[in-house]
Amino acid sequence: MQERYDYQQIETKWQKQWAERDMFKLKQEGDKPKYYCLEMFPYPSGNLHMGHVRVYSIGDVIARFKTMEGFNVLHPMGWDAFGLPAENAAIKHNVPPADWTWSNIANMRRQLQTMGISYDWDREVATCHPDYYKWTQWLFLQLYKSGLAYKKKAHVNWCPSCATVLANEQVVDGLCERCDSQVEKKALAQWFFRITDYAQRLLDDLNKLPGWPDKVKTMQENWIGRSEGVEADFPLVEQKGDFDKITVYTTRQDTIFGVTYLVLAPEHPLVETLVSGNPNEGNLRNFIKKVLSQSEIDRTATDAEKEGIFTGHYCINPLTGEKVAIWLANYVLFDYGTGAVMGVPAHDQRDFEFATKYNIPMKVVIQPEGVDNLVVEEMDRAFEEEGQLVNSGEFDGLVNTKALNVIADKIETEGKGKRKVNYRLRDWLISRQRYWGAPIPIVYCEKCGEVPVPDEQLPVMLPTDVKFSPSGESPLTTRPDFHECTCPQCGGQGRRETDTMDTFVCSSWYFLRYCSPKDNEFAVRKEDTDYWMNVDQYIGGVEHAILHLMYARFFTKVLYDLKIVSVEEPFENLLTQGMVLMGGSKMSKSKGNTVSPEEIIAKYGADTARLFILFAAPPERDLEWSDRGVEGAHRFLHRVWRLLQTYGDQFANVPNLIIDSPELQDLSGDDRELVRISHYSVKKVGEDIGQRFNFNTAVSTIMEMVNALYQYKDKVSLDQQNLPLVKDALARLVLILAPFAPHICEELWQELGGGDSVYKQAWPGFDEKSLVRDEVEVVVQINGKVREKLQLPNGLDGETLKAKALENNRVQELIAGKNVVKVITVPNKLINIVVK
RNA sequence: GCCGGAGUGGCGGAAUUGGUAGACGCAAGGGACUUAAAAUCCCUCGGUCCGCAAGACCGUGCCGGUUCGAGUCCGGCCUCCGGCACCA
């Protein structure tokens with residue numbers, strides 16, 4: 001055995017051997033249960049960062065543990081390889097995006113390999129590979145044929161800096177998620193996926209995901225934003241062109257008797273008719289122009305000034321028959337509800353502010369119970385709580401929460417409107433005016449219109465020998481050899497769609513492709529997904545809580561409906577890991593607070609890097625990087641190494657490795673404790689990895705085990721030591737440390753004479769009897785305060801405990817002269833004597 | 001504003017079902033070994049009182065409650081983080 005722990009030599013050696021032996025190549029053995037362990041695949045930026053090290057270390061612990069537990073484990077890796085950085089690099093360094101991407105992939109693959117992660121590299125996929133995007137395009141066509149993909153002209157989010165449109169989900173506080181530029185609104189014809197058709201199922205099925213963090217489910221719930229209300233028709237006093245009414249959406253139909261005005265979004269189709277020829281046309285047009293020129297962020301900020309203008313027109317309140325003034329205002333959004341809103345200033349704070357500003361009358365229709373009557377003149381804010389209806393005709397006296405239903409009934413039976421569920425979720429805008437993405441497989445033909453590319457012509461290949469203009473404009477639009485084509489339907493001249501797909505489309509189904517990554521007949525082969533899906537454990541950053549995780553759920557549901565897969569939800573269990581911080585903030589190049597994984601691995605080895613990152617914090621919490629902590633982890637591995645080294649020669653005549661159920665009767669106290677700790681550690685580490693995902697406490701348990709082994713070694717002279725038990729303990733130690741620090745454990749397993757790879761070994765069992773202590777420490781409390789500790793035999797009953805405590809000298813002193821009111825006992829734990 | 005989550009030593013964190021708060025690690029201080037250093041090993045390490053010890057009291061963001069017993073449960077607040085937000 002070597003003196004020194006030479007991590008470099010050991011890690012290189014085992015990485016090479018694992019590769020040569022195809023150790024992690026999946027063998028689908030029928031008699032074993034399956035386990036699909038998946039970490040979110042990375043964007044190939046070129047270099048691994050610490051966040052990657054964290055996710056992939058977590059995933060690898062689970063994968064290796066499950067393998068040892070006897071599962072067929074699918075643990076694949078691939079690349080989310082389309083996207084804008086490749087184009088930016090192309091412009092900056094004049095390299096084609098494909099070359100840039102493939103060389104980044106090669107580098108990151110190499111880096112992952114130095115981490116010693118147990119991937120089956122034969123299943124690697126890259127979304128930018130034609131064999132992959134061919135099927136992304138095919139799936140697009142399935143959606144298209146089901147009516148779930150459509151093109152429409154809409155006011156869409158435009159990022160001027162990325163020179164492309166964005167989905168709603170990619171706009172954060174009015175800024176582009178990628179580059180933080182202010183997003184503009186542009187009217188453009190764009191491709192959408194009809195995710196809103198699935199809004200209710202996406203919401204309902206969150207209940208089928210007990211293995212997801214509540215936090216993520218709540219975020220999706222908020223994003224879907226379901227609300228129940230009524231669409232009510234307000235007839236116009238005079239018909240205007242095709243319009244004879246305005247439909248408003250409200251969730252507060254109980255306040256409909258309190259309507260004193262009505263507001264249209266400036267984009268509402270009725271607006272033009274109301275404005276043209278209006279005596280106040282000039283002012284109205286100026287107002288509309290002003291609002292439309294406001295940026296999204298200015299217009300939707302909560303504290304934005306509410307502004308409006310009266311149109312001079314009126315409509316009729318369907319329940320009261322009263323005339324209602326029609327206004328235009330900046331605070332009404334056109335793309336939510338009907339783009340028209342009723343104004344109830346007495347019972348809606350926003351309406352209250354608007355009405356106060358423009359001197360619009362108010363009408364109280366809900367009175368708080370048991371309080372002095374609300375008087376409009378005295379109100380300084382809207383009354384939005386529960387109360388009884390007043391000034392509401394036949395509904396007076398009803399509690400407003402009840403009136404919601406009753407009034408909705410009335411509106412429906414009288415044909416004045418209908419109940420309506422609305423969602424905040426919008427359709428998913430998937431077109432991108434970019435080059436480096438999967439081309440949308442559609443051809444435009446003068447004669448036939450929009451024509452889908454036939455399956456046999458897929459993939460629509462992305463040309464790779466491209467030149468970029470500094471403006472960043474997609475080369476697809478300027479290359480006739482790409483966009484000029486024949487119409488697949490009539491053979492006439494066609495023009496190819498030059499938009500590509502949002503990269504989130506590519507990542508919405510990669511977990512299915514891993515099940516049959518090389519299949520060239522199907523996007524996903526059903527028998528394979530039937531076996532492997534769902535993903536048993538999915539691991540990734542919480543930043544994808546809405547975007548990727550909702551899109552992937554949507555895709556899975558669509559494919560389920562198309563009978564392409566048999567599962568409705570893709571991810572059974574989700575673990576969202578926290579960020580890696582340095583100095584309290586996220587590591588980033590611009591802040592200059594990064595630590596390079598490659599350097600850390602070179603300096604301390606992959607096992608150390610992995611062990612530290614798993615030990616430093618529980619996985620879902622943010623982790624503060626600490627160079628000292630890394631050294632601590634490194635020290636620990638040295639300690640393990642030395643421990644085995646001291647026994648190296650002693651084991652020559654000890655044939656056993658693991659002893660399943662040791663004979664306990666004749667053991668000395670020290671031997672007995674050694675056995676107990678070995679078995680306890682196996683139990684605890686197994687639970688921490690398999691059930692709690694608390695890798696930090698698993699590591700601390702292993703550290704305690706090592707400390708105990710050192711204590712045994714120092715305390716018991718060598719000729720007195722029970723070497724078979726020591727060897728058993730060391731074998732257990734190596735096995736349970738193996739998922740965390742794979743290389744050193746493989747080496748130590750060989751040193752112990754374990755033969756075949758440590759990852760071919762079963763996770764050790766533990767013997768219940770061995771866990772039991774002969775003696776336990778029992779605490780004596782007096783009035784809840786710890787006053788004495790007793791060493792007592794295990795398993796004494798309450799009465800005996802009580803007697804033992806009361807006969808103790810110190811306890812007698814403390815309770816002398818007092819009345820013992822009550823004694824509470826918890827076996828093997830505590831005795832609480834209540835005295836007065 | 002609404003909805004989540006969190007708050008424990010100098011630091012990262014542990015305490016799994018209401019039962020010994022501070023496991024494990026980092027840092028710090030002291031010591032051993034060494035010509036010296038590195039490495040390693042040993043001891044101390046929440047606060048106050050006290051020369052030390054014994055011991056007592058205080059201590060898990062704040063205030064109150066339930067309980068024999070609360071970091072853990074309940075009510076009210078404060079702070080931080082995350083999500084949503086003029087969504088009618």
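Note that the coordinates shown come from a computational prediction; the quantities given were computed from them, not determined experimentally. Numbering of residues begins from 1 in every chain and follows the order in which that chain's sequence is written. Think of it this way: whatever chain is written first is A, whatever ligand is written first is 1, and the rest follow in order. This being a predicted model, a pLDDT of at least 70 is required before a residue's local features are given, and a value of 80 or more before pairs of side-chain atoms are given or counted; all residues contribute to the totals for chains, interfaces and linings. Neither water nor hydrogens contribute to the side-chain values; these are computed over all heavy atoms in the structure.

1. Some words on the overall build of chain A
The cut-off we apply is this: Numbered from the N terminus, helices here are DSSP runs of H or I no shorter than four residues, and strands are runs of E no shorter than two. Exposure is judged per residue with a 1.4 Å probe applied to protein chains only, and the accessible area is read against the type maximum: over 50% gives exposed, under 20% gives buried, and values in between give partly exposed. Contact between two residues is taken to exist if any of their heavy atoms lie within 4.5 Å; hydrogens are not considered. Computed by Shrake-Rupley with a 1.4 Å probe, the accessible areas treat only the displayed protein chains as cover when residues are assessed. Under the counting rule used here, the positive set is Lys and Arg, the negative set is Asp and Glu, and His together with the chain ends is not counted. One atom stands in for each charge, and that atom is NZ of Lys, CZ of Arg, CG of Asp or CD of Glu.
Scanning chain A from terminus to terminus reveals 27 helices and 34 strands. With the C-alpha coordinates aligned to their principal axes, the bounding extent of chain A is approximately 110 × 90 × 50 Å. The burial tally for chain A puts 54% of its 836 residues in the buried class. Contacts in chain A between residues at least 24 apart in sequence constitute 72% of all its contacts with a sequence separation of at least 6. Total accessible area computed for chain A in this model is approximately 36900 Å², and 48% of it derives from carbon and sulfur atoms. Separation of charge centres in chain A, based on 96 positive and 118 negative side chains, amounts to 1 Å.

2. Topic: the pattern of salt bridges
The criterion, for reference: Salt bridge criterion: a side-chain nitrogen from Lys or Arg within 4 Å of a carboxyl oxygen from Asp or Glu.
This structure, assessed with the given rule, holds 55 salt bridges. K25 is the salt-bridge partner of D122, the closest N and O atoms lying 2.6 Å from each other. Taken together, the residues D122 in the loop between α4 (97-115) and β4 (125-126) and K25 in the loop between α1 (7-21) and β1 (34-39) connect sequence positions 97 residues apart. With a shortest N-O distance of 3.1 Å, D728 and R732 are connected by a salt bridge. Here D728 and its partner R732 are both found in helix α23 (residues 723-737), 4 residues apart, which amounts to about one turn of the helix.

3. Brief notes about the packing of helix α20 (residues 627-647) against helix α24 (residues 742-751)
Put simply, the rule is: Axis angles are defined between N-to-C directions and span 0 to 180 degrees, where every axis is a line fitted to C-alpha atoms and, for a helix, only to the segment in contact. Geometric relationships in this document are graded by angle, where less than 35 degrees denotes roughly parallel, more than 145 denotes roughly antiparallel, 65 to 115 denotes roughly perpendicular, and other angles denote oblique. Gly counts as polar in this scheme, as do all residues outside two lists: the nonpolar Ala, Val, Leu, Ile, Met, Phe, Trp, Tyr, Cys and Pro, and the charged Asp, Glu, Lys and Arg.
Where α20 contacts α24, the two axes come as close as 11 Å, and the packing angle between them is 0°. The angle between α20 and α24 places the two elements in the roughly parallel class. For the pair α20 and α24, contact is made by L637, V640, W641 and L644 and by I744, E747 and L748, respectively. Residue composition of the contact of α20 with α24, grouped by class: 6 nonpolar, no polar and 1 charged.

4. Looking at the sheet that holds strand β34 (residues 830-835)
What counts here: Paired strands are those between which DSSP finds at least two bridges.
Reading across the sheet, the 4 strands line up as β32-β31-β34-β33 and stay open at both edges, with mixed pairing between neighbours. The outermost strands of the open sheet, each flanked by one partner alone, are β32 (785-793) and β33 (820-826). Adjacent strand axes in the sheet meet at a mean angle of 20° when their direction is disregarded. The pairing of β33 with β34 spans 6 bridges and is antiparallel. Across the sheet, the residue bridging to I824 is N832, located in β34.

5. Focus on the side chain of D728
Judged by relative accessible area, D728 falls into the buried class, the value being 3%. When sequence neighbours within four positions are dropped, the list of residues in contact with D728 reads N656, L657, I658 and I659.

6. Some thoughts on the protein's contact with RNA strand B
Our working definition: Distances are taken per atom, and a residue is near a molecule or strand as soon as one of its heavy atoms is within 4 Å of it. Here a polar contact is recorded for every N or O atom pair within 3.5 Å, except that within protein the pair must consist of a potential hydrogen donor and a potential acceptor, and residues adjacent in sequence are included only if both atoms are side-chain atoms.
With respect to spatial proximity, 59 residues lie near RNA strand B, and among them T251, R424, R639, K684 and N832 are the closest. One of the side-chain nitrogen or oxygen atoms of E704 is found 2.8 Å away from a sugar or linking oxygen of RNA strand B. A distance of 2.8 Å separates a base nitrogen of RNA strand B from a polar atom in the side chain of E777. The residue inventory of the surface near RNA strand B, partitioned by class, reads 20 nonpolar, 15 polar and 24 charged.

7. Quick notes on helix α17 (residues 547-561)
Note: α-helices contain 3.6 residues per turn, so residues at a spacing of three or four share the same orientation. The cut-off we apply is this: In this scheme, a helix's expected span is set at 1.5 Å multiplied by one less than its residue total.
The end-to-end C-alpha separation of α17 is 21 Å, in line with the 21 Å expected for 15 residues at 1.5 Å each. Where α17 terminates, the next one or two residues include K563, which has phi positive at roughly 60°.

8. So, the packing of aromatic side chains
Rules: The pairing test for Phe, Tyr and Trp rings, Trp by its six-membered ring, is centres within 6.5 Å, and the orientation test on the planes gives stacked under 30 degrees, edge-to-face over 60, and tilted for anything in between. Throughout this description, the term charge over a ring refers to an Arg CZ or Lys NZ atom that lies within 6 Å of the ring centre and within 35 degrees of the ring normal.
Tallying each qualifying case throughout the model produces 46 aromatic pairs. On the numbers, 5.5 Å between centres and 70° between planes, the contact of F310 with Y314 is edge-to-face. With a relative accessible area of 27%, F310 lands in the partly exposed category. Through a chain of ring-to-ring contacts, the aromatic side chains of F140, Y144, W191, F193, Y198, W428, F504, Y551, F554 and F555 assemble into a single cluster. Directly above the ring of Y150 sits R194, whose terminal nitrogen or CZ lies 4.1 Å from the centroid.

9. Some points on the sheet that holds strand β9 (residues 184-193)
Read across the sheet, 4 strands follow the order β6-β5-β9-β19 without closing on themselves; strand pairing throughout is antiparallel. In this open sheet, the two strands that pair with only one neighbour each are β6 (164-166) and β19 (428-429). Of the strand pairs in this sheet, strand β5 (residues 149-159) and β6 are connected by 3 bridges, and their pairing is antiparallel. Paired with W158 across the two strands is V165, which belongs to β6. With respect to the sheet, helix α5 (residues 130-145) is in contact with β5 and β9, its orientation differing from that of β9 by roughly 90°.

10. Overview of the packing of helix α3 (residues 84-93) against α4
Where we set the bar: Helix crossings are classified by the rotation of the near helix relative to the far one: an anticlockwise turn of less than a right angle makes the crossing left-handed, while a clockwise turn makes it right-handed.
At a minimum axis separation of 8 Å, α3 and α4 run at an interaxial angle of 115°. Where α3 crosses over α4, the two elements pack in a sense that is right-handed. Between α3, through P85, A86, E87, A89 and A90, and α4, the contact on the second element is made entirely by P97, W100 and T101. Taken together, the residues that form the contact of α3 with α4 break down as 6 nonpolar, 1 polar and 1 charged.

11. Concerning the side chain of S227
Along the chain, S227 turns up in strand β10 (residues 227-240). A polar contact of 3.1 Å, which involves the side chain of S227, links it to the side chain of Y336. Not counting residues up to four positions away in its chain, the partners in contact with S227 are Y249, T251, Y336, K420, V421 and N422.

12. Considering α1
Cut-off, in case you're wondering: The directions from the helix axis to the C-beta atoms form the arc being described.
The end-to-end C-alpha separation of α1 is 21 Å, in line with the 21 Å expected for 15 residues at 1.5 Å each. For α1, the set of buried residues is Y7, I10, E11, W14 and W18. Projected onto a plane normal to the axis of α1, the buried residues spread over an arc of 95° and lie on a single side. Along α1, exposed side chains directed more than 90 degrees from the buried face belong to T12, K16, A19 and E20. Packed against the buried residues of α1 are α2 (50-68), α18 (597-604), α19 (606-615), α20 and α24. The positive-phi residue at the C-terminal boundary of α1 is D22, with phi of around 55°.

13. Some words on the nonpolar core
Generally speaking, nonpolar side chains in soluble globular proteins are found buried as a group. Test applied: Only buried Ala, Val, Leu, Ile, Met, Phe, Trp, Tyr and Cys residues count toward a nonpolar core, and they belong to the same one when joined by side-chain atoms within 4.5 Å.
One finds F140, W428 and F740 to be the most contacted residues of the largest nonpolar core, which totals 192 residues. With residues up to four places along the chain from it excluded, the contact list for F140 reads A149, W191, F193, I430, I440, P441, I442 and M501. Listed in part, the 54 residues of the second largest apolar core include V248, L328, A340 and I407.

14. Here's the deal with the environment of V324
Note that V324 resides in strand β14 (residues 323-329). Remark: the alpha-carbon pair of V324 and P235, spanning 89 residues in sequence, is separated by 9.9 Å. When residues no more than four places from it in sequence are discounted, the contact partners of V324 are F234, V259, T260, Y261, L262, H313, Y314, C315 and N317.

15. Re the environment of E322
Within the secondary structure, E322 is located in the loop between β13 (308-316) and β14. C-alpha separation for the pair E322 and F257, spaced 65 residues apart in sequence, amounts to 9.2 Å. Other than its neighbours up to four places away in sequence, E322 contacts F257, V259, C315, I316, N317 and K363. A polar contact of 3.4 Å, which involves the side chain of E322, links it to the side chain of K363.

16. Side note on the confidence of the model for chain A
Going by this rule: A score between 0 and 100, pLDDT records how confident the predictor is in each residue.
On average, residues of chain A score 91 in pLDDT, and 99% of them are at 70 or above. Prediction confidence for the complex, expressed as pTM and ipTM, is 0.93 and 0.94 respectively.

17. Focus on the pairing of β9
The pairing of β5 with β9 spans 10 bridges and is classified as antiparallel. For V156, the partnering residue across the bridge sits in β9 and is K186.

18. Description of the environment of Q253
Here Q253 lies in the loop between β11 (243-250) and β12 (261-264). What makes Q253 buried here is its relative accessible area of 6%. Remark: the alpha-carbon pair of Q253 and S45, spanning 208 residues in sequence, is separated by 52 Å. Side-chain polar atoms of Q253 contact the backbone oxygen of L404, separated by 3.0 Å.

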